Amino acid sequence: MDRLRGLRGGTLLFYYVFTLCAAGYGLRRDLTAYNALLAAAALALPAVPFALYRVCRLRPVYLLEIVFDWFVLAAVPFASLFGGYEWLPWWDKLLHFLSGFLFAVLGMVVYFAKKPSHALDREDAFNASLYTWMFAVLSAVLWEIWEYLVSFSGADPQQVASTGVGDTMQDMIVCAVGGLLTARSCWRYLRHRGEGRRKGLMMSLFEAYYRENIRKI
């Protein structure tokens, strides 16, 4: 726990140094209201876990915070402010693919938090894995709706001008694939608990949250 707490502190330090540099670079290159909002969001997003802990009375899950910080760093400071999308054309699809993993883990958390007994039973393998996949797919749809609403500000996050619906559909597809892979991991994790199998990062994230905030295992 102490090691992860220290690692999270180091991650935050690197995050804010990089984000301030990226914000300065991005705003100097293109000083728009949209980029200013991105910079403000990038600086505020690492505080989201702390706010959730306080509002929902949760115990800290440092492994989850570290993964969240690195994902946000890759998606906003690096990709949007520092120009990563321009240098690496496939970066957007990679982020949507990874978001499928993360949203599916969140779906698994919701499933067992709402289950009356909160127990990790083998009989839940199919229902829980299907729920996690559908949760990831729904998240992809809601994100694309959000990007559509953002387009009314004059920005074009969905690249409608150049790709039509192609970019939107590809984003949802790769997110769905990431969610499906996590759903498979969820199924294997529940069906083979106690057999000494490796959990992998996604199930380790779930287990860390489950242990701290749902039920001791």
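Look up a bit, the structure's there.
For the structure given in this document, a descriptive report is provided here. (Residues numbered from 1 in each chain as written. Predicted model: local features only at pLDDT ≥ 70, side-chain atom pairs only at ≥ 80, totals over all residues. Heavy atoms only, no water.)

### Digging into the overall build of the protein
Piece 1. Counting secondary structure elements, the protein contains 10 helices and 0 strands.
Piece 2. Helices and strands in the protein line up, N terminus first, as α-α-α-α-α-α-α-α-α-α.
Piece 3. For 217 residues, the compact-globule estimate of 2.2 N^0.38 gives 17 Å, and the C-alpha radius of gyration of the protein, at 18 Å, lies within 12% of that figure.
Piece 4. Projected onto its principal axes, the C-alpha coordinates of the protein cover approximately 55 × 40 × 30 Å.
Piece 5. Taken over 217 residues, the protein has a buried fraction of 39%. (Helix = DSSP H or I, 4+ residues; strand = E, 2+ residues; numbered from the N terminus. Rg over C-alpha atoms; globule rule 2.2 N^0.38 Å. Buried < 20%, exposed > 50% of the residue type's maximum accessible area, 1.4 Å probe, protein only.)

### Comments concerning helix H10 (residues 200–213)
Piece 1. In this model, H10 (14 residues) spans 20 Å end to end at C-alpha, consistent with the 20 Å of a helix rising 1.5 Å per residue.
Piece 2. Along its buried surface, H10 packs onto helix H4 (62–81), helix H6 (91–114) and helix H9 (166–191). (Expected span 1.5 Å × (residues − 1). Contact = heavy atoms within 4.5 Å.)

### Section: the packing of H4 against H6
Piece 1. Running from N to C, H4 and H6 point in directions that differ by 155°, and their axes come no closer than 11 Å. As judged from the angle between their axes, H4 and H6 are roughly antiparallel. For the pair H4 and H6, the crossing hand works out as left-handed. Along its contact with H4, which presents Val 67, Phe 71, Ala 74, Ala 75, Phe 78 and Ala 79, the element H6 presents Trp 91, Leu 95, Leu 98, Ser 99 and Leu 102.
Piece 2. Split into classes, the residues belonging to the contact of H4 with H6 amount to 10 nonpolar, 1 polar and no charged. (Axes fitted to C-alpha atoms, helices over the stretch in contact; angles between N-to-C directions. Parallel < 35°, antiparallel > 145°, perpendicular 65-115°, else oblique. Left-handed = near helix turned anticlockwise from the far one by under 90°. Nonpolar A, V, L, I, M, F, W, Y, C, P; charged D, E, K, R; others polar.)

### Focus: the side chain of Ser 139
Piece 1. By the element assignment, Ser 139 lies in helix H7 (residues 125–150).
Piece 2. You can call Ser 139 buried: its relative accessible area is 11%.
Piece 3. In this structure the side chain of Ser 139 is engaged in a polar contact, spanning 2.8 Å, whose partner is the backbone oxygen of Phe 135. (Polar contact = N/O pair within 3.5 Å; in protein donor to acceptor, adjacent residues only side chain to side chain.)

### Some remarks on the pattern of salt bridges
Piece 1. This structure, assessed with the given rule, holds 9 salt bridges.
Piece 2. Its salt-bridge partner being Asp 121, residue Lys 115 comes within 2.9 Å of it at the nearest N-O pair.
Piece 3. Using a relative accessible area of 14% as the deciding quantity, one classes Lys 115 as buried.
Piece 4. What emerges from the salt-bridge pattern is a single network uniting Arg 8, Glu 65 and Asp 69. (Salt bridge = Lys/Arg side-chain N within 4 Å of Asp/Glu carboxyl O.)

### Some details on a nonpolar patch on the surface
Piece 1. A grouping of Leu 138, Val 141, Leu 142, Trp 143, Ile 145, Trp 146, Tyr 148, Leu 149 and Phe 152 is seen on the molecular surface, where their side chains present a nonpolar patch of about 950 Å² in accessible area.
Piece 2. Structurally, the position occupied by Val 141 is in helix H7. (Patch = residues over 30% accessible without salt bridge, like charges linked within 9 Å, V, L, I, M, F, W, Y side chains within 5 Å. Areas by Shrake-Rupley, 256 points an atom, 1.4 Å probe, with all protein chains shown as cover.)

### Details of the environment of Cys 186
Piece 1. One can find Cys 186 in helix H9.
Piece 2. Between the C-alpha atom of Cys 186 and that of Ile 214, which follows or precedes it by 28 residues, the distance is 17 Å.

### Description of the nonpolar core
Piece 1. Residues Met 108, Phe 112, Leu 120, Tyr 189, Leu 190 and Phe 206 are the most contacted members of the largest nonpolar core, which totals 23 residues.
Piece 2. Of all the elements, H10 adds the most residues to this core, at 7 residues.
Piece 3. In contact with Leu 190, not counting residues within four places along its chain, are Phe 112, Leu 120, Asp 121, Arg 122, Asp 124, Ala 125 and Ala 128.
Piece 4. Core analysis: the next-biggest nonpolar cluster, separate from the first, contains 16 residues, Leu 38, Leu 73, Val 76 and Trp 91 among them. (Core = buried A, V, L, I, M, F, W, Y, C linked by side-chain atoms within 4.5 Å.)

### Observations regarding the packing of aromatic side chains
Piece 1. Applying the stated rule across the entire model yields 17 aromatic pairs.
Piece 2. Measuring from centroid to centroid gives 6.5 Å for Phe 112 and Tyr 210, while their planes differ by 90°, and the two rings are edge-to-face. Of this pair, Phe 112 sits in helix H6 while Tyr 210 sits in helix H10, and the two are 98 residues apart along the sequence.
Piece 3. Classification of Phe 112 as buried rests on a relative accessible area of 0%.
Piece 4. For the ring pair Phe 206 and Tyr 210, a centre distance of 5.5 Å and an interplane angle of 45° mean the geometry is tilted. Of this pair, Phe 206 and Tyr 210 both sit in helix H10, 4 residues apart, which is roughly one turn of the helix. As far as the burial class goes, Phe 206 and Tyr 210 line up, both buried.
Piece 5. By way of ring pairs, the aromatic residues Phe 14, Phe 18, Tyr 25, Trp 70, Phe 78, Phe 82, Trp 87, Trp 90 and Trp 91 are connected into one cluster. (Phe/Tyr/Trp six-rings, centres within 6.5 Å; stacked < 30°, edge-to-face > 60°.)

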